[in-house]
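Descriptive structure summary
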Amino acid sequence: MANWWRSPGHAFWALDRALGGQRRPTRIQKWVAQHPIGTGLCVAVPFTLFFLMLSHEEEPDDPMFAVVFGLTLGLGFALAAASERLRQRRLKRLGIWDGS
């Protein structure tokens, strides 16, 4: 059963290496990894305001949908920032990057 799980795991890490996942993080990637909630909010607030501008005044549900879509977008970016944090921890663990 352990070999069944290792095969997709090895495929994922091979794809990660091919896409440059073992390069040192940039300064922006370091900041994003340190502040995943702030990153999510920095994305959610402008997009929520944008969606609110596009909503119709006649429809009472449109502002609610605008807030939900904005927060969903922010959550997606926050999860991407959290995965960047995990990638940086892996680079430290493998000795590829010293954390500076």
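None of these values were measured; they are calculated from a predicted model.

A word on the side chain of T39. Counting through the fold element by element, T39 comes out in helix α3 (residues 36–54). The class for T39 is buried, based on a relative accessible area of 11%. Not counting the four nearest positions on each side in its chain, T39 is found in contact with W31, V32, F77 and A81.

This part is about the packing of α3 against helix α4 (residues 62–94). It is the contact of α3 with α4, at a shortest axis distance of 7 Å, that shows an interaxial angle of 155°. Classified by the angle between their axes, α3 and α4 sit roughly antiparallel to one another. Our pair here, α3 against α4, has a crossing hand that is right-handed. Partitioned by chemical class, the residues of the contact of α3 with α4 number 16 nonpolar, 5 polar and 1 charged.

Cut-offs used in this document
Residues numbered from 1 in each chain as written. Predicted model: local features only at pLDDT ≥ 70, side-chain atom pairs only at ≥ 80, totals over all residues. Heavy atoms only, no water. Helix = DSSP H or I, 4+ residues; strand = E, 2+ residues; numbered from the N terminus. Buried < 20%, exposed > 50% of the residue type's maximum accessible area, 1.4 Å probe, protein only. Contact = heavy atoms within 4.5 Å. Axes fitted to C-alpha atoms, helices over the stretch in contact; angles between N-to-C directions. Parallel < 35°, antiparallel > 145°, perpendicular 65-115°, else oblique. Left-handed = near helix turned anticlockwise from the far one by under 90°. Nonpolar A, V, L, I, M, F, W, Y, C, P; charged D, E, K, R; others polar.

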